[in-house]
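# Structure assessment
Single-letter residue listing:
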Amino acid sequence: MGLVADPHLVRLINKKGPCVTGHSPDKLIFRSRIAKLPGLLSREVEMRQPLVAGNWKMNGSLASVKKLVEGIKAGLATVTTAELAVCPPYVYIPQVAAMLKGTSVALGAQDVNDRESGAHTGEVAPGMLTDVGCKYAIVGHSERRSIYGESDDFTARKFAAARKAGLVPILCVGELLEERERGITEQVVGRQLDAVIALEGIGALADAVIAYEPVWAIGTGKTASPQQAQDVHAFIRGKLAGLDKAVAAKIQILYGGSVKGSNAAELFSMADIDGGLIGGASLDANDFLAIGRAGNA
Ligand code: 13P
């Protein structure tokens, strides 16, 4: 990434709190200086690009999708640093793909089946998603886990199938309110991660994204405080670092749960928060772009 990475570096220097990847703020400042020497130590300056992904859930129509994507495109130039992605309902993916052609906005799906093809009425295979231009697929969203009873193991199989087809899985993890109150947040999130690591190995997470979404913060207007979110993100990165430091340093860990334009910058300033997975606010182009701009260096 070389000099191109400088804005990210500057941003990371300004982040608060301990960075569990082992890069002290002083070291980052030092690295930003050496990064100004072209061609030198380019590996040293690799940074995590923020990602802001909109999960539209079961919302939209041909007309509203058109308006939303047009609005995002109109303001795209104001988002200078984060990658933006949108995850429409399956049926609108081709429409959105056509509209986003030639832009930097990535496309994702909200879910994926764990099989390649066959007699699975109502399901969508990973290869179908790459076929229509998807880069990402969300797996293990809490609504899949709670409303449709999807287990950690099933989620892990979806994660594996998505990767096999060349998709980048966005693996959602997060605790229920009752689990937080019982003090078992790390146990729950750890168990959800372990299912994927057991099936696919830690190396598989190098080509994936994790989204920490505390269930009590989803669609409730009740956001985790930046410190509450950072604590869990640091736990996740620390857990991964115990298995593979390079994977832990590379993986983007997004926060999801009532993120808005007004709270995104503070959340994204935390050391281990690399962007957001956005529900309600992603249905409004201006709100979504404002969250995207919160990632600007
Ligand atoms: P809200 O942003 O509406 O709380 O939804 C978060 C979410 O579930 C994203 O996947």
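Residues take numbers from 1 onward in each chain, read along the sequence in its written order. The predicted nature of this model means local features are confined to residues of pLDDT at least 70 and side-chain atom pairs, given and counted, to a pLDDT of 80 or more, with totals for whole chains, interfaces and linings taken over all residues.

### A word on the pairing of strand E3 (residues 106–109)
Two strands are said to pair when DSSP picks up at least two bridges between them. Put simply, DSSP marks the helices as runs of H or I at least four residues long and the strands as runs of E at least two long, and each gets a number from the N terminus on. Sheet topology note: the strand E2 (residues 83–87)/E3 ladder contains two bridges and is parallel. Bridging across to E3, Ala85 finds its partner in Ala106. Note that the unit made of E2, helix H4 (residues 93–100) and E3 has a crossover that is right-handed. Here E3 runs beside strand E4 (residues 136–139); their pairing, made up of two bridges, is parallel. Bridge pairing in E4 links Ala109 to Ala137. A right-handed crossover is one whose linking path, passing over the helix from the first strand to the second, runs clockwise when the strands point away from the viewer. Between the parallel elements E3 and E4, the chain passes through helix H5 (residues 126–131) in a crossover that is right-handed.

### What about the site of the ligand?
Residues in contact with the ligand amount to 14 residues; listed here are only the nearest, Asn55, Ile218, Gly256, Gly279 and Gly280. Residues are grouped as follows: nonpolar covers Ala, Val, Leu, Ile, Met, Phe, Trp, Tyr, Cys and Pro; charged covers Asp, Glu, Lys and Arg; every other residue, Gly included, is treated as polar. Counted by class, the shell around the ligand contains five nonpolar, eight polar and one charged residues. Using a C-beta atom placed from the backbone for every residue, we mark a residue as near a molecule or strand if that atom lies within 6 Å of it.

### Some words on the confidence of the model for the chain
Scored by pLDDT, the chain has a mean of 88; 85% of the residues are at 70 or more. By definition, pLDDT measures how confident the predictor is in each residue, and it falls between 0 and 100. We call two residues in contact whenever the C-beta atoms placed from their backbones are within 7 Å. The low-confidence segment residues 16–45 (pLDDT under 50) makes 44 contacts with residues lying over four places distant or belonging to another chain.

### Regarding the nonpolar core
Among soluble globular proteins, nonpolar side chains are generally buried collectively. Each nonpolar core comprises buried Ala, Val, Leu, Ile, Met, Phe, Trp, Tyr and Cys residues, the members being joined through C-beta atoms within 7 Å. Residue burial is a threshold on neighbouring C-beta atoms within 10 Å of the residue's own C-beta, all placed from the backbone, with 20 or more meaning buried, 12 or fewer meaning exposed, and counts in between meaning partly exposed. Core analysis: the biggest nonpolar cluster contains 72 residues, and Ala53, Ala137, Ile170, Leu171, Ile210, Ala211 and Tyr212 have the highest contact counts within it. The contact partners of Tyr212, leaving out residues within four places of it in the chain, are Val173, Gly174, Ala229, Val232, His233, Ile236, Ile253 and Tyr255.

### Comments concerning H4
Listed as buried for H4 are Ile93, Val96 and Leu100. All buried residues of H4 project into a common sector of 65° when viewed along the axis, lining one side. Just beyond H4, the residue with positive phi is Gly102, at close to 85°. Throughout, the arc means that of the directions going from the helix axis to the C-beta atoms.

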